[in-house]
Amino acid sequence: MPLTPGGFTASSSRRRGRGRRRAIIAAVVVVVLAAASGVGYVLKNRADDQAADRRVRTAAAAYLAAWRTLATTGGAATPSASGSPGGASSATSGAATSGAATSGAGSAGSDQAGRAAVTAATVTGSTSVATLLATMADVRDRLLVTGATFTPGSVSRRGGVATAPYVAKLDLSGLPSPLEYAGVLNLTSTDHGWKVRADLPAVHPALRAGLVLDRTASTGHRGELESADGQPLRSSGDLASNLVGRTGPLSGLERVYDDRLRAQGGAVVVRAAATRDAQGQVVPGKVVQTLRTYPMTDGQAVRTTLDLRVQQAAEQALATAARPTAAMVAIDTRTGGVLALANHPATGASRAVRGKYPPGSTFKIITATAALMNGRAANTPLDCTQSVSVDGRTFQNAEAEQFGTIPLRTAFAKSCNTAFIRLEESLPANALAKAAALYGFDGTSPLDIASFGGTFPTPRDGAESASASIGQARIEASPLQMASVAAAVASGTWRQPFVAGQPARSNAIPTNVLGPLRDFMRAVVTEGTAAAVPMPGEVFGKTGTAEYADGDPPPTHAWFVGYRGDVAFAVVVEDGGFGAETAAPIAARFLTALDGGQIAPNPAVGGR
């Protein structure tokens, strides 16, 4: 630094250098700050885009999940189907401001959850949300959808609109592989978030107004429901109307085994909506596109346990009934399989499997089982008086009979009500309920078609327990159920009746019960209430006279249940009086017909 008269001073060149450095630093700071601001802006925009894309994906995924729920519940091909396909009447369009689908608690049908969850919106140029939901349900029902998977693809968004591709796979009843197709969802941003635009192509890309997806029938033949030896069950008019059912609409065993009986294959097509002709008949629309064709084959035959020879014998025997209404069931004691289901008249009411009757004295088989399970024996003495009172209610024997003190075996053979009521009073409180459960009295439907087994409501007091011991109170049973009880005594195992496959469940009867109980049932036929009825062969049985209404005397249904060899049976005659007079002779004629003999009405005989 140069020396001046006033001392040392900085040169002007150095001062200019420091100024330039400060300017450069400031400029760099400005540039850095500007760059940082730009990066932040870009990053924020990117984060906003990613958040918007996530919302689009979430909306698309929610729509597809709801569609899957709707497609697999409540339809004609699902177990929960009610038989009436969903339609526009069960959808609501939700908030008026956006048209968002928010089907509420008032929606009908078992597919309500799927309908309510569909995230769609009605916008300008689209269809209504209600129509979209109805179309989904229509596709489900026409194609018989049993399962569905939807795989979403990558979304593409531009402002307030977006697209979301997906691949659908619909499992269709009776077809070997799913219907697979690619579709695109168009989404729009609304005041309530992103929604799928309610367009028909959002269900299937080929759909437009006036078009529907449908299946064409296979050219193969439907399989037959067959007897155990391969004969068509429809050859029996009784079985045809009361068991086999119809193919249009499906009912009975035709419905139960439709997936096996139905001819396989066909095609999935797009067709014009149906119209009606001048007579009002529905005319299917013309096929405009075939989406997929499946190989066509015949349906399978389904072999049942039914034996047409046994069925014919049962029908012939019931035709001789003294009263207009009766039913009979025969069961193979070795398997529990149903051999015959006969109704008189064969009107389709199917009393054999759906009838609900008090079992009357045939229930003494269960009461005797309870006694033998709790230490009683064939020679246990019981007092058979003319009447007995329990909790203020008086019970009597038929025709005022009384036999004094008799062994349990005789009380069973003579069907002494008062002795059995006293027997029940001596047992533990739950003994009768346990024995009833052993024979399947729990309200379970025995067959896959509409059917009734047996119920044993818990007695409410001592009088009802006494009534239950003789098959009255609130106990109900079908002929099918009582035939299974007789089969259980014969084989040593109660099996839930069935007509195809195997029994759904079974219970072993205690061995200490079987010997005495079989002897009791044989005594009914040889020396008891049915002794006056000539039975062919070694028959074991139990008569029943079941009161079903008040009166003096009360009206009664007539029962006879039993077995011979490998065949167990139950007969009920409505308003038939005494079991030995009207039901037991029918059983005898059934066995005679089964042996190939000629049958004719028997004269009336005495007994209960």
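Here, the structure is the one placed above.
Throughout, residues of each chain are indexed from 1 in the direction in which the sequence is written. Residues qualify for local features only when their pLDDT is at least 70, as the model is predicted, and side-chain atom pairs are given and counted only at 80 or more; totals for whole chains, interfaces and linings, by contrast, use all residues. Neither water nor hydrogens contribute to the side-chain values; these are computed over all heavy atoms in the structure.

## A word on the sheet that holds strand β9 (residues 211-216)
Only strands joined by at least two bridges in the DSSP assignment are considered to pair. In DSSP terms, a helix is any run of H or I states spanning at least four residues, a strand is any run of E spanning at least two, and both are numbered starting from the N terminus. In spatial order, the strands read β9-β11-β14; together these three strands make up an open sheet with antiparallel pairing. In the strand order of this sheet, the two ends are held by β9 and β14 (287-297), each with one partner. For this sheet the average axis-to-axis angle between neighbouring strands, irrespective of direction, equals 10°. Both strand β11 (residues 264-272) and β14 contribute to a ladder of seven bridges, which runs antiparallel. Note on β14: the bridge partner recorded for Arg271 is Val287. Lines fitted to C-alpha atoms define the axes, with helix axes restricted to the stretch in contact, and inter-axis angles between N-to-C directions lie between 0 and 180 degrees.

## Here we look at helix α15 (residues 511-526)
The span expected for a helix works out to 1.5 Å for each residue beyond the first. The first and last C-alpha atoms of α15 sit 23 Å apart over 16 residues, in line with the 22 Å expected at 1.5 Å per residue. Residues of α15 that are buried include every one of Val513, Leu514, Leu517, Phe520, Met521, Ala523, Val524 and Val525, and no others. Those residues of α15 that are buried are in contact with α9 (364-373), α10 (408-414), α14 (479-491), β26 (540-547) and β27 (556-564). Here the term buried applies to any residue with accessible area under 20% of the maximum for its type, exposed to any over 50%, and partly exposed to those in between, with areas from a 1.4 Å probe on protein chains only. Should any heavy atoms of two residues lie within 4.5 Å, those residues are considered in contact.

## Quick word on helix α12 (residues 431-438)
Of the positions making up α12, those classed as buried are Ala431, Leu432, Ala435, Ala436 and Leu438. For α12, the angular spread of the buried residues around the axis is 155°, confining them to a single face. Positive backbone phi, approximately 85°, marks Gly440, located one or two places after α12. Directions are taken from the helix axis to each C-beta atom, and the arc is the one they span.

## Some words on the pairing of strand β19 (residues 387-390)
On β19, burial follows the alternation: Val388 and Val390 on one face are buried, whereas Ser387 and Ser389 on the facing-out side are not. Direction of pairing for β19 relative to strand β20 (residues 393-396): antiparallel, over a ladder of four bridges. Bridging from a neighbouring strand, Ser387 pairs with Gln396 of β20. Connecting β19 to the antiparallel partner β20 that follows it, the hairpin turn spans two residues, and Asp391 within it adopts a positive phi of roughly 50°.

## Comments concerning the sheet that holds strand β28 (residues 567-573)
Spatially, the five strands line up as an open sheet ordered β17-β16-β28-β27-β26, and their pairing is antiparallel. Edge positions in the open sheet fall to β17 (338-344) and β26, since each of these has one partner strand only. The sheet shows a mean angle of 10° between the axes of neighbouring strands, taken without regard to direction. Bridge count for β26 against β27 is eight bridges, and the pairing is antiparallel. Within β27, the residue paired with Ala546 across the bridge is His557. Against the sheet, α15 contacts β26 and β27, and its axis sits at roughly 75° relative to β26. The strands that helix α16 (residues 579-594) touches are β16 (326-332), β26, β27 and β28; relative to β28, the one it contacts most, it runs at about 140°.

## Examining the nonpolar core
We call a set of buried Ala, Val, Leu, Ile, Met, Phe, Trp, Tyr and Cys residues a nonpolar core when their side-chain atoms join them within 4.5 Å. The biggest cluster of nonpolar side chains holds 114 residues, and the ones touching the most others in it are Ile365, Ile366, Tyr439, Phe441, Leu517 and Phe590. In terms of residues, this core owes the most to one element, α16, which gives nine residues. Apart from residues lying up to four places away in sequence, Ile365 is in contact with Phe412, Tyr439, Val485, Val489, Leu517, Met521, Lys542 and Val561. Listed in part, the 45 residues of the second largest apolar core include Ala60, Leu132, Val155 and Leu187.

## Overview of the packing of aromatic side chains
Each Phe, Tyr or Trp ring (for Trp, its six-membered ring) is paired with any other whose centre lies within 6.5 Å, and the angle between the two planes then decides the class: stacked below 30 degrees, edge-to-face above 60, tilted in between. Under the definition given, this model contains 13 aromatic pairs. Judged by centre distance (6.0 Å) and plane angle (80°), the ring pair of Trp67 and Tyr166 falls under edge-to-face. Note that Trp67 is positioned in helix α1 (residues 12-71) and Tyr166 in strand β6 (residues 161-172), a separation of 99 residues in sequence. The same class applies to Trp67 as to Tyr166, namely buried. With a centroid separation of 6.0 Å and 65° between ring planes, the pair formed by Phe569 and Phe590 is classed as edge-to-face. With a gap of 21 residues between them, Phe569 in strand β28 and Phe590 in helix α16 connect regions that are remote in the sequence. The same class applies to Phe569 as to Phe590, namely buried. Here, a charge over a ring is recorded when the distance from Lys NZ or Arg CZ to the ring centre is within 6 Å and its angle to the ring normal is within 35 degrees. Here the guanidinium or amino end of Lys364 rests over the ring plane of Phe420, the centre of that ring lying 5.5 Å away. For the cation-ring pair, Lys542 lies above Phe412, with the distance from its terminal atom to the ring centre recorded as 5.7 Å.

## Let's talk about the side chain of Thr418
With respect to the element layout, Thr418 can be found in helix α11 (residues 417-425). Leave out the neighbours within four places in its chain, and Thr418 touches Asp383, Cys384, Thr385, Gln386, Ser387, Val388, Phe395 and Asn397.

## Topic: the packing of α14 against α15
Their axes nearest at 9 Å, the elements α14 and α15 cross at an angle of 120°. Judged on the interaxial angle alone, α15 and α14 are oblique. Considering only the axes of α14 and α15, their crossing is left-handed. Judged by residue contacts, Ala488, Val489, Ala490 and Ser491 of α14 engage Leu514, Leu517, Arg518 and Met521 from α15. Here the word oblique covers every angle except those under 35 degrees (roughly parallel), over 145 (roughly antiparallel) and from 65 to 115 (roughly perpendicular). Should the near helix be turned counterclockwise from the far one by less than a right angle, the crossing is left-handed, whereas a clockwise turn marks it as right-handed.

## Thoughts on the pattern of salt bridges
By convention in these notes, a salt bridge is any Lys or Arg side-chain nitrogen within 4 Å of a carboxyl oxygen on Asp or Glu. The final tally for this structure, using the stated rule, is 22 salt bridges. For the salt bridge of Glu254 with Arg222, the shortest nitrogen-to-oxygen distance reads 2.9 Å. One end of the pair, Glu254, is in helix α5 (residues 252-256); the other, Arg222, is in the loop between β9 and β10 (225-226), with 32 residues separating them in the sequence. Here the salt bridges share partners, and the residues they tie into one network are Arg222, Arg234, Glu254, Asp258 and Arg262.

## Observations regarding unusual backbone geometry
Note that the residue after Gly248, namely Pro249, is joined by a cis bond; omega there is -10°. With respect to the secondary-structure elements, Pro249 resides in the loop between α4 (237-244) and α5. At the junction of His344 and Pro345, the peptide bond is cis and its omega measures out at 0° in the coordinates. By the element assignment, Pro345 lies in the loop between β17 and α8 (351-354). Although it is not a glycine, Ser415 sits at a positive phi angle of roughly 60°. Of note, Ser415 is situated in the loop between α10 and α11.

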